[in-house]
Amino acid sequence: MRKIISVNILLAFLFIGALPLAAARPSAKSVVENALKKLRSAKSLNVSFAVKNGGNSGAGKLTVAGKCFMMDAPDLKVWYDGATQWAYAPRGGEVNVTTPTAAELAESNPMSVLTNMSTAYACRRLSSSSSVDKIELTPRGKTDIAKAVVTFSVATGYPTDIVVTGTDRSVTSIHITSLKAGGALPASYFRFDSRKYPGVEIVDLR
C-alpha cells in the first residue's frame, strides 16, 4: 500500500511540475500574431519555395512587400500590386491580366493567406512540438478558401509549410525553403513592364 501511495505522490508532483511548462506555451493566436509582427516589420521578404497543386508541382522565388508580390518560376512569372495580377507564361508568349480571388492568390503567392490571418481567420492549434507549431486557420467570413494549415518554426517564428484547401476542394501545398528580410522596393517592381517583354501579347481578363 505504501508503495502505491508513494507512486501516486510522485506522479502528482510530476504533473504539477509540468503545469508551468504547459502554461508557458503560447496560444495559437499568439503564434500567429508573433509571426505576423515579424513578417510585417520587414520592408520586403525574399522567399524560396516549392509548391504542389493537383498533379502540378514546381519551385520558385518570391518577393513580398505587404499585399504586393512578384513570383519568379521557370515556367511562370507573376506580378501583383495589391489589386491587379499579371501572369506571364514565356511558352505561351502572353500575359493574362486578372483581379485574382484569395484562392488564386494562394496558388501564386504562398504568403498571401498570412497577410490577414489574425483577423480574417479563427486560429486553432492542431499539434505542437519543441520545433514546430501546426495551426489551422478557418475563415470567419465568406471566402473561396475553406481552411489553411500553417506550420511555424518555434526557433524562428516564421512559417515553413502552408496547405490551403479551397471550397472547391482544391489543395495547394507550399514548402518554404528560405525566408529572409529585404529592403524597400518601388511600386513598379510589382507591376508588369511591357517594355521589358517586347512582342508579348497582353490579354485582359478582368
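Look up: the structure comes first, before these words.
A brief look at the structure comes next.

1. Topic: the pattern of salt bridges
- A full pass over the atoms with the stated rule returns nine salt bridges.
- D204 is the salt-bridge partner of R206, the closest N and O atoms lying 2.6 Å from each other.
- Using a relative accessible area of 57% as the deciding quantity, one classes R206 as exposed.
- The class for D204 is partly exposed, based on a relative accessible area of 44%.
- Through salt bridges with shared partners, one network takes in R124, E136 and K147.

2. Considerations on the packing of aromatic side chains
- For the structure shown, the criterion picks out seven aromatic pairs.
- Summarising the aromatic geometry, the rings of Y189 and F190 are spaced 5.2 Å apart at their centres and angled 75° between planes, so their arrangement reads as edge-to-face.
- Assessed through its relative accessible area of 35%, Y189 is described here as partly exposed.
- Here F192 and Y197 contribute two aromatic rings whose centre-to-centre distance is 5.3 Å and whose plane-to-plane angle is 25°, an arrangement assigned as stacked.
- An aromatic cluster is built from W79, Y88, F192 and Y197, whose rings are joined through pairwise contacts.
- Over the aromatic face of Y158 sits the side chain of K38, whose NZ or CZ is 4.5 Å from the ring centroid.

3. Some points on the sheet that holds strand β10 (residues 159–166)
- Sheet architecture is open: twelve strands sit in the order β7-β8-β9-β10-β11-β1-β2-β3-β4-β5-β6-β12, paired in mixed fashion. A single partner strand is all that each edge strand has here, and the edge strands are β7 (121–128) and β12 (201–204). Sheet twist, expressed as the mean angle between neighbouring strand axes with direction ignored, is 20°.
- With ten bridges connecting them, strand β1 (residues 44–53) and strand β11 (residues 171–182) associate as antiparallel partners. Bridged to F49 within β11 is I176.
- Those strands touched by helix α2 (residues 28–41) are β1, β7, β8 (132–139), β9 (145–153) and β11, and its axis lies near 105° from that of β7.

4. Concerning the environment of K142
- Tracing the chain through its elements places K142 in the loop between β8 and β9.
- Given a relative accessible area of 87%, K142 falls into the exposed group.
- Residues K142 and A120, spaced 22 residues apart in sequence, show a C-alpha to C-alpha distance of 10.0 Å.

About the criteria used
- Residues numbered from 1 in each chain as written.
- Predicted model: local features only at pLDDT ≥ 70, side-chain atom pairs only at ≥ 80, totals over all residues.
- Heavy atoms only, no water.
- Salt bridge = Lys/Arg side-chain N within 4 Å of Asp/Glu carboxyl O.
- Buried < 20%, exposed > 50% of the residue type's maximum accessible area, 1.4 Å probe, protein only.
- Phe/Tyr/Trp six-rings, centres within 6.5 Å; stacked < 30°, edge-to-face > 60°.
- Lys NZ or Arg CZ within 6 Å of the ring centre and 35° of its normal.
- Pairing = 2+ DSSP bridges.
- Helix = DSSP H or I, 4+ residues; strand = E, 2+ residues; numbered from the N terminus.
- Axes fitted to C-alpha atoms, helices over the stretch in contact; angles between N-to-C directions.
- Contact = heavy atoms within 4.5 Å.

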